[in-house]
Structures are given as C-alpha cells and as structure tokens.
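Observations on the model geometry
Each chain, letter by letter, is given below.
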Amino acid sequence: MKPLLIVTGFVAAAAVGAGMAISPLLSAKDDGPATTQSISQPANPASGQAAQGKGATAAQKSAAAAAQPVPAPAPEPAAPPPVTPRKNYTYKSFDVDGSYIAMTFDDGPNPETTPRLLQILRERNIKVTFFVLGNMVAKHPEVLKMIADEGHEIGSHSWSHPQLTRISQAAVDKELGNTSEAIFQVTGKRPIYLRPPYGSMKPTLRSYIEDKYGLTIVNWSVDPNDWKNRNSQAVHDAIMAQVKPGAIVLSHDIYATTVDAMPRILDELAAKGYKFATLSQMVAMDKPLKVALAAPGAATKKPKPNGTKPDAAKPTGTPKPAAAAPKPAASSTPSRSAGVY
C-alpha cells in the first residue's frame, strides 16, 4: 500500500502544478482574446510551490498583457492618382519635359513576332504600348497575357480593322465592345486608349466612343511606313529621322522586318538620351494646352479722340471679298493608300 500512496502523492502534486500553469490561460480567456504573449507564458518547472505562490501574480500579468492594445500595422502607400486624358481630344504627340517618347505597336498579338519583340524590350527594361486587334486576341490570348504580365500597356485597335468612320454605329459598337471584352477576359482590365484603324476619326464619333466606352483616341507623330517598306534599314532610318521629344512612334509588331530593326533603333535612341514610356505615363507628364496670346495692341483698339469722325480716313465703297479657295474633293479611300495602320 505504501507504493500506491507515493504514486498518488506524485499524481496530486502534478495535478496541482498543472492547474497553476493553466490558470493564467483561463484568466486571460475570461478577460479578452488570448494573445501570443499570454499563450506562450510557461509555468515555473523548478518548483510546484513556487508556481503556486506566484500564481496570482502571473495571472494578473497575463491579463494586463492581454488588455494592452496591439500595435496597428504600417499603412499601405497611397495609390497613384488615376491618369485623366483630355476630353474630346486626339493625341498625336505630347508636350513633356525631357526626351520622353512612346513606342507603340499595332495589329498584334502575333505568336511568332510579338514574343521576340517582348524579349528585346525585356532585355532593355523598356515598356511600350500595344494596340491589339480583337480577332488576334481571340486567336492568341496567351500572347496577350505575356504582354500584360511584362507590364506593357494595352490599347484597342478594333476587332477586325475597319475604317470606323465608314461603318454604322451598331458596327462600331460591335468592333469596340467585343475587343474591350476580349482584352478584359485575358488581362482583367479594359483598355482606355483606342487607335482607330487608318487614324480615321471625326469629332462626333470620337465623342460617342469616349462617352460610351471611355476610350481616348491616340494616333501618332512618327510613321516609318513599315507596313509598306518591309525593310529593317528603311524602318530604322525613318524613325531616327522623324523622332523628337514627346513623339508617339507608330510601328507594327506583326512584321519580322520591324522586329528585326528594333534592337538597333532602341539602342540608338537610348544613346541619344531618349527615355521610353507608356501612353499613360506620357499623358501624366503632358503639359496643359497653352492658350495663344494675342500680339500687344491687337486685342483692343486705341480710342479715337473726341471731335473726330469715325472711319474718316477710310476710302468709300465696299471692297469685294476675296474668292474662296476651292474645297478639295472628298476621298473615298482611307489615307496612306489604305495601309494597315
């Protein structure tokens, strides 16, 4: 019977020690939610009597720690303000401080040439803007995802490249609505820029497109005619001859000759001090339109002194108005020989 009593004594002592170690947790739970500090606080293993003597003090400390406010995490950095393009306006170039230019590529994505261009841009850490066709996005969504994943901007170039000013409003809706939806399905974002095929646009249609689809019209200031001149040297020479700060450079990533010309073009532009930006970055840097000031004295006439007859020095008779210049005949075809802009 004595061994049994000894074992029982040890069990009782262990129970007492365990009870004192758990009691701070029960206290903390009653006072509020448990914290890491209260849960990880151990009982003193050296002596059951020490734990029993300091039990109330440990419970009080644990409750006080639970009552202390948890420090708030550092606030997230503020998001950059959204870019707001000009209303009822067609961008052809930008007025910016510094030698910034926007490289833009039309008519893709192409599964053979676009990935090669992306590699060229990646090696130089250059971001550009792609104006894609909806039917090409539907055929090659994986290439569009590559463009988006690498941080380039994506704009709409319509679904099938018609001249938007020569089709019905319903057809315009189909061209632009379907393209925006196709881009959204791949990237999760809808485009905010439209490059109309052939650069053809009129004010009433521009207002309609801007109001309904939130698309700002973007054309270009540098055109290498790479759709016609399938020659890398010619593409290089044309871009280098026309480029200047604030330029929007047009080219096409669907032509191997254009992609072949890009490493040399980009390297020479960088050597001349040019910096590359997406359209949204250029819009953010663009200066407000300057109001033209009249020449001094042109806005107001000096008042005539009293006593003089007005127009006394003017000759009598009414001069015949100059004949109006004849209006040029309207063209039935898109500009630039119907190229694939």
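Residues numbered from 1 in each chain as written. Predicted model: local features only at pLDDT ≥ 70, side-chain atom pairs only at ≥ 80, totals over all residues. Heavy atoms only, no water.

**Regarding the overall build of the chain**
Scanning the chain from N- to C-terminus turns up 13 helices and eight strands. Of all 341 residues assigned to the chain, the portion counted as buried reaches 37%. Within the chain, residue pairs in contact and separated by at least 24 positions form 79% of the contacts whose partners lie at least 6 positions apart. For the chain, the exposed area adds up to about 20500 Å²; of that, 59% sits on carbon and sulfur atoms. (Helix = DSSP H or I, 4+ residues; strand = E, 2+ residues; numbered from the N terminus. Buried < 20%, exposed > 50% of the residue type's maximum accessible area, 1.4 Å probe, protein only. Contact = heavy atoms within 4.5 Å. Areas by Shrake-Rupley, 256 points an atom, 1.4 Å probe, with all protein chains shown as cover.)

**Comments concerning the pattern of salt bridges**
Between side chains of opposite charge, a pair can form as their charged atoms come close. Across all of its chains, the model carries 11 salt bridges by this definition. Residues Lys212 and Asp173 are paired through a salt bridge, measuring 3.4 Å at the closest nitrogen-oxygen approach. With Lys212 in helix 9 (residues 203–213) and Asp173 in helix 8 (residues 169–187), the pair connects residues that are 39 residues apart, well separated along the chain. If you follow the salt bridges from partner to partner, you end up with Glu123, Arg124 and Asp267 in one network. (Salt bridge = Lys/Arg side-chain N within 4 Å of Asp/Glu carboxyl O.)

**Side note on the environment of Leu144**
Assignment of secondary structure puts Leu144 in helix 7 (residues 141–149). By relative accessible area, which is 0% here, Leu144 ends up buried. Counting along the chain gives 43 residues from Leu144 to Thr187, while the straight-line C-alpha distance between them is 7.9 Å. Sequence-distant contacts of Leu144, defined by excluding residues within four places in its chain, comprise Pro109, Val132, Val137, Ile154, Ile183, Val186 and Thr187.

**Observations concerning helix 10 (residues 232–242)**
Among all positions of helix 10, only Val235, His236, Ala238, Ile239 and Met240 are buried. In the core, the buried residues of helix 10 are packed alongside strand 7 (248–252) and helix 11 (256–271).

**A closer look at the layout of surface pockets**
When its volume is computed, the largest pocket comes out at roughly 390 Å³. If you go around the largest pocket, you meet 14 residues; those closest to its centre are His152, Glu153, Ile154, Lys189 and Ser280. The residue inventory of the lining of the largest pocket, partitioned by class, reads five nonpolar, six polar and three charged. (1 Å grid on protein atoms, 1.4 Å probe; cavity = no way out; pocket = protein on both sides within 12 Å on 5 of 7 lines; lining within 4 Å. Points joined across faces, edges and corners; volume = space filled by probe spheres on them. Nonpolar A, V, L, I, M, F, W, Y, C, P; charged D, E, K, R; others polar.)

**Overview of the packing of aromatic side chains**
With the rule as written, the count across this model stands at three aromatic pairs. With a centroid separation of 4.9 Å and 80° between ring planes, the pair formed by Tyr89 and Tyr91 is classed as edge-to-face. When its relative accessible area of 1% is taken as the criterion, Tyr91 is described as buried. Chaining the aromatic ring pairs together yields one cluster made of Tyr89, Tyr91 and Phe94. Taking NZ or CZ as reference, Arg86 lies 4.6 Å from the ring centre of Tyr89, over its face. (Phe/Tyr/Trp six-rings, centres within 6.5 Å; stacked < 30°, edge-to-face > 60°. Lys NZ or Arg CZ within 6 Å of the ring centre and 35° of its normal.)

**Observations regarding the environment of Pro141**
Relative to the helices and strands, Pro141 resides in helix 7. A relative accessible area of 32% means that Pro141 is categorised as partly exposed. A sequence separation of 45 residues divides Pro141 from Val186, and the C-alpha atoms of the two residues are 6.4 Å apart.

**Some details on the packing of helix 10 against helix 11**
Two elements in contact, helix 10 and helix 11, have axes whose closest approach is 8 Å; the angle formed by their N-to-C orientations is 40°. With respect to helix 11, the axis of helix 10 lies oblique. Handedness of the helix 10/helix 11 crossing: right-handed. Here Ser232, Gln233, Val235, His236, Ile239 and Met240 of helix 10 lie close against helix 11, whose contacting residues are Thr257, Thr258, Asp260, Ala261, Met262, Arg264, Ile265, Glu268 and Leu269. (Axes fitted to C-alpha atoms, helices over the stretch in contact; angles between N-to-C directions. Parallel < 35°, antiparallel > 145°, perpendicular 65-115°, else oblique. Left-handed = near helix turned anticlockwise from the far one by under 90°.)

**Brief notes about the confidence of the model for the chain**
Of the residues in the chain, 61% reach a pLDDT of 70 or more, and the chain-wide mean stands at 77. Below pLDDT 50 for its whole length, residues 73–79 participates in zero contacts with residues either more than four positions away or in separate chains. (pLDDT = per-residue confidence, 0-100.)

**Quick look at the nonpolar core**
Residues Ile101, Met103, Phe130, Met262, Ile265, Leu266 and Leu269 are the most contacted members of the largest nonpolar core, which totals 32 residues. Of all the secondary-structure elements, those providing two or more residues to this core are strand 2 (100–106), helix 5 (113–124), strand 3 (129–132), helix 7, helix 8, helix 10 and helix 11. With near-sequence residues (within four places) excluded, Ile265 lies in contact with Val235, His236, Ile239 and Met240. The next biggest cluster of nonpolar side chains, apart from the first, holds 14 residues, and it includes Tyr91, Trp220, Ile248 and Leu250. (Core = buried A, V, L, I, M, F, W, Y, C linked by side-chain atoms within 4.5 Å.)

**Examining the pairing of strand 4 (residues 153–156)**
Of the two faces of strand 4, both are covered, the one formed by Glu153 and Gly155 as well as the one formed by Ile154 and Ser156. Inspection of the sheet shows strand 3 paired to strand 4 by four bridges, in the parallel sense. Opposite Val132, over in strand 4, you have Ser156 as the bridge partner. (Pairing = 2+ DSSP bridges.)

**Re the pairing of strand 2**
Across the seven residues that make up strand 2, a large majority, six, are buried. With five bridges joining them, strand 2 and strand 7 adopt parallel strand pairing. By the bridge assignment for strand 7, Thr104 is matched with Leu250. Relative to strand 3, strand 2 runs parallel, the two sharing three bridges. Its bridge partner lying in strand 3, Asp106 is registered against Phe131.

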